[in-house]
Amino acid sequence: MRSVTVLGATGSIGESAFDLLMRAGGPERFRTIALTGAANVARLAEMARALRAEIAVTALPEKLDDLRAALAGSGIEAAAGPQAVIEAASRPADWTLSAIIGAAGLPPGIAALRRGGTLALANKESLVTAGRLVTAEAARSGSRILPVDSEHSAIFQALGSDNLENVESVTITASGGAFRDWPIERLAGASVAEASSHPNWNMGQRITIDSASMFNKALEVIEAHELFGLEAERIRVLVHPQSIIHAFVTHRDGASMAHMGPPDMRHAIGYALNWPERVALPVPTLDLAAIGSLTFREPDESRWPALRLAREVILAGGAAGAVFNAAKEQALDDFIAGHIRFTDMAPAVERALALSSREAGFGETPDDLDEVLGWDRLARRHAACAAGAA
Ligand code: NDP
Ligand code: MG
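All values reported here derive from a predicted model rather than from experimental measurement. (Residues numbered from 1 in each chain as written. Chains lettered and ligands numbered in written order. Predicted model: local features only at pLDDT ≥ 70, side-chain atom pairs only at ≥ 80, totals over all residues. Heavy atoms only, no water.)

*Asks:* Lay out empty space enclosed by the protein in plain terms, naming residues and giving numbers.
*Replies:* Summed over all chains, the structure comprises two cavities of 30 Å³ or more. Roughly 70 Å³ of volume is contained in the largest cavity. If you go around the largest cavity, the residues you meet are Ser-150, Ser-153, Ala-154, Gln-157, Trp-201, His-246, His-259, Gly-261, Pro-262, Asp-264, His-267 and Ala-268. Residue assignment for the lining of the largest cavity shows that the elements contributing at least two residues are helix H7 (150–159) and helix H11 (265–274). Here the lining of the largest cavity gets four residues from one element, more than from any other, and that element is H7. When the residues that make up the lining of the largest cavity are grouped by side-chain class, the tally is four nonpolar, seven polar and one charged. Computed from the structure, the second largest cavity encloses a volume of approximately 30 Å³. Lining of the second largest cavity is provided by Val-6, Ala-9, Gly-14, Ala-17, Phe-18, Leu-21, Leu-35, Met-47 and Leu-51. Counting only elements with at least two residues in the lining of the second largest cavity, the list comes to helix H1 (12–23) and helix H2 (41–51). For the lining of the second largest cavity, the leading source of residues is H1, giving four residues. The residue inventory of the lining of the second largest cavity, partitioned by class, reads eight nonpolar, one polar and no charged. (1 Å grid on protein atoms, 1.4 Å probe; cavity = no way out; pocket = protein on both sides within 12 Å on 5 of 7 lines; lining within 4 Å. Points joined across faces, edges and corners; volume = space filled by probe spheres on them. Helix = DSSP H or I, 4+ residues; strand = E, 2+ residues; numbered from the N terminus. Nonpolar A, V, L, I, M, F, W, Y, C, P; charged D, E, K, R; others polar.)

*Asks:* So, the packing of aromatic side chains: which residues are in play, and what are the values?
*Replies:* Counted according to the given criterion, the structure contains seven aromatic pairs. When the centroid spacing of 4.3 Å and the interplanar angle of 50° are considered together, the rings of Phe-179 and Trp-182 count as tilted. By the burial criterion, Phe-179 is buried, and Trp-182 matches it. Clustering of aromatic rings is evident, with ring pairs tying together Phe-179, Trp-182, Phe-335 and Phe-342. Directly above the ring of Trp-182 sits Arg-186, whose terminal nitrogen or CZ lies 3.7 Å from the centroid. Residue placement shows Arg-303 over the ring face of Trp-304; its charged tip is 5.7 Å from the ring centre. (Phe/Tyr/Trp six-rings, centres within 6.5 Å; stacked < 30°, edge-to-face > 60°. Buried < 20%, exposed > 50% of the residue type's maximum accessible area, 1.4 Å probe, protein only. Lys NZ or Arg CZ within 6 Å of the ring centre and 35° of its normal.)

*Asks:* Any details on the pattern of salt bridges? Residues and values, ideally.
*Replies:* Scanning all chains against the criterion turns up 26 salt bridges. Arg-43 is the partner of Glu-15 in a salt bridge, and the nearest nitrogen-oxygen pair spans 2.6 Å. Here Arg-43 lies in helix H2 and Glu-15 lies in helix H1, a separation of 28 residues in the sequence. A relative accessible area of 28% places Glu-15 in the partly exposed class. Taking the shortest distance from any N to any O, the salt bridge between Arg-91 and Glu-77 comes out at 3.1 Å. Taken together, the residues Arg-91 in the loop between helix H4 (82–90) and strand S5 (95–98) and Glu-77 in strand S4 (residues 77–80) connect sequence positions 14 residues apart. You can call Arg-91 partly exposed: its relative accessible area is 25%. Here Glu-77 falls in the partly exposed class, since its relative accessible area comes to 39%. In this structure, a network of salt bridges that share partners links the residues Lys-124, Asp-149, Glu-151, Lys-217 and Glu-220. (Salt bridge = Lys/Arg side-chain N within 4 Å of Asp/Glu carboxyl O.)

Right under this line is the structure:
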């Protein structure tokens, strides 16, 4: 029986994974090693009971008593705190889904890679902050990374067994998010509630706001760079309001292989769960005649400065990815808390990058996790100061 672990089980990706695991037979088909969450311990305990997990872990130490109470009588172990999440990720499992939100997903993701198996990677922040460490860890242990981010899963599938040397470019699409068609002048007044609604995808709040600002796409450009080893100029972004084509790979002979599917993350998660097989998934089949037309446009970088920053981050290399992600997380926190406007986020991140680039060692690739976390802390401070000045 295949053993599985889900990091971030109570989130939007985690819920989709849970749905797939249960539909595929739940505890009859999978031996669930660990499920982790944070605030939502009631749901975590429910999932752990349904899948008969060995251990359920909340990242929040103050939630341990609630988790224990919710698991009473089940025989399922309970633990709490960031270190307990890492320990759970280190328990042997054939397949681990990394679906914690933010840079908090990096240490447990690395722990899972270190002990081997397959890492289905939704947590794009791991690759953005520490791409080199993550891929080196996989190479060392022989673990396989399968992308779960829909665009990267699409590239992976469209590439098939083709050689990357024959690839001229990859193009990832973006719906354009909540403010795609807003006049630019209105963006400064955009509220958190307005930024939290997505035209096509149903996702967690943070990534939904990142879609409106295109910080999500910026992270994905860097993710594609780290995952597929492509230079910045070979990674393109197109706005595609229907979200049907998720990515396409353009070969040097002019042929482009596109991946199409309805905007439902259970496709990419299910693909990674069953790879290299393809099995029936609870995802609707595309009805292109009903959709009628697919449209595309170039992204306007004055509306979405995050895309320019992503290219600059790739060119800068070194610690730029860790700084970019952490500054973005801080700016997003500040926007959600009402401290800064929607349009203040990109300047705060740009300022944090500029300030961090003056520090010694910025241009060198971080050697270990501690170094990455050091840049992460510094960038959050710089971004918070920049936001204060905004
Ligand atoms: P959610 O915010 O919905 O869920 C995040 C999960 O992480 C929850 O289980 C949450 O627990 C847990 N969590 C939150 N903070 C911490 C922490 N400090 N330490 C450990 N666990 C924590 O996120 P999404 O599911 O939307 O996204 C997860 C990842 O997948 C992100 O990296 C995102 O970029 C990526 N992704 C998401 C897509 C989507 O469709 N949602 C699409 C492509 C990629 P709790 O809820 O119990 O507090
Ligand atoms: Mg994506």
